[in-house]
Amino acid sequence: MQELIRFLVGGVVVSGFAAISECFRPKSFAGLFGAAPSIALATLGLTVVHSGKMFAAVEARSMIFGAAAFVVYACLCSRVLMGKRLSALVVTVMLLPVWFGVSFGLMFLFRLFLSAGGGA
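These figures come from a predicted structure and were not determined experimentally.

Here the focus is the overall build of the chain. Along its length, the chain carries five helices and zero strands. Helices and strands appear in the chain in the N-to-C order α-α-α-α-α. Total accessible area computed for the chain in this model is approximately 8500 Å², and 76% of it derives from carbon and sulfur atoms.

Written as structure tokens, this is what we have:
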């Protein structure tokens, strides 16, 4: 039954974001906008129902760190691809440690900030 609920909620949320994303140009950007946020929202909604708000808050914070790290990764990939004559596959795989390093670094800094008494 849980899988059916996940399927239905995910389908409805993805369809909603896809409809909203039709307003954006280029269409490749619209497709990206339609996928990731809708899956994240569906996952968080199900997590709240099954595991509670506190666990969902930790997951949401992790998603934010991962998204921020992805922005750094994507910008760096773009710069390397524009400046060097390397294949996209080589560059994206080569720079994956940057994505992981930035996301885990943000998590480390956040925990350090909390341990210093800087937040809730």
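Let us now look at the side chain of threonine 47. Position of threonine 47 relative to the elements: it lies in helix H2 (residues 27–51). Residue threonine 47 is classed as buried on the basis of its relative accessible area of 9%. Reaching out from threonine 47, the side chain makes a polar contact with the side chain of glutamate 59 at a distance of 3.3 Å. Once residues lying within four places of it in the same chain are set aside, the contact partners of threonine 47 are Gly52, Phe55, Ala56 and Glu59.

Another aspect to go through is the packing of helix H3 (residues 53–83) against helix H5 (residues 96–115). Close contact between H3 and H5 brings their axes to 8 Å; oriented N to C, the two are set at 140°. Comparing their axes, H5 and H3 come out oblique. The chirality of how H3 crosses H5 is right-handed. Contact residues: H3 offers Arg61, Phe65, Gly66, Ala68, Ala69, Phe70, Val72, Tyr73 and Leu76, while H5 offers Leu96, Val98, Trp99, Val102, Ser103, Leu106, Met107 and Phe110. Class assignment for the residues of the contact of H3 with H5 results in 14 nonpolar, two polar and one charged.

Attention now goes to H3. The terminal C-alpha atoms of H3, which comprises 31 residues, lie 45 Å apart, in line with the 45 Å expected from a rise of 1.5 Å per residue. Considered for burial, the residues of H3 that qualify are Ala56, Phe65, Ala69, Tyr73 and Cys77.

Here we come to H5. In this model, H5 (20 residues) spans 29 Å end to end at C-alpha, consistent with the 28 Å of a helix rising 1.5 Å per residue. The first or second residue beyond H5 is glycine 117, which carries a positive phi of 85°.

We now examine the packing of aromatic side chains. Across all of its chains, the model carries five aromatic pairs by this definition. Centre to centre, the rings of tyrosine 73 and tryptophan 99 are 5.2 Å apart; their planes meet at 25°, and the pair counts as stacked. Linking tyrosine 73 in helix H3 with tryptophan 99 in helix H5, this pair joins segments that are 26 residues apart in sequence. On the basis of relative accessibility, which here comes to 8%, the residue tyrosine 73 falls in the buried class.

Another point: the environment of arginine 61. Tracing the sequence through the fold places arginine 61 in helix H3. Separated by 49 residues in the primary sequence, arginine 61 and phenylalanine 110 have C-alpha atoms spaced 9.9 Å apart.

A separate point is the side chain of serine 103. By the element assignment, serine 103 lies in helix H5. The exposure class assigned to serine 103 is buried, which follows from its relative accessible area of 15%. Once residues within four sequence positions are removed from consideration, serine 103 is found in contact with Phe65, Gly66 and Ala69.

Let us now look at the confidence of the model for the chain. Across the chain, the average pLDDT comes to 81, with 74% of residues at or above 70. Predicted confidence in the chain is weakest over helix H1 (residues 2–21), with a mean pLDDT of 69, and strongest over H5, with 93.

What counts as what
Residues numbered from 1 in each chain as written. Predicted model: local features only at pLDDT ≥ 70, side-chain atom pairs only at ≥ 80, totals over all residues. Heavy atoms only, no water. Helix = DSSP H or I, 4+ residues; strand = E, 2+ residues; numbered from the N terminus. Areas by Shrake-Rupley, 256 points an atom, 1.4 Å probe, with all protein chains shown as cover. Buried < 20%, exposed > 50% of the residue type's maximum accessible area, 1.4 Å probe, protein only. Polar contact = N/O pair within 3.5 Å; in protein donor to acceptor, adjacent residues only side chain to side chain. Contact = heavy atoms within 4.5 Å. Axes fitted to C-alpha atoms, helices over the stretch in contact; angles between N-to-C directions. Parallel < 35°, antiparallel > 145°, perpendicular 65-115°, else oblique. Left-handed = near helix turned anticlockwise from the far one by under 90°. Nonpolar A, V, L, I, M, F, W, Y, C, P; charged D, E, K, R; others polar. Expected span 1.5 Å × (residues − 1). Phe/Tyr/Trp six-rings, centres within 6.5 Å; stacked < 30°, edge-to-face > 60°. pLDDT = per-residue confidence, 0-100.

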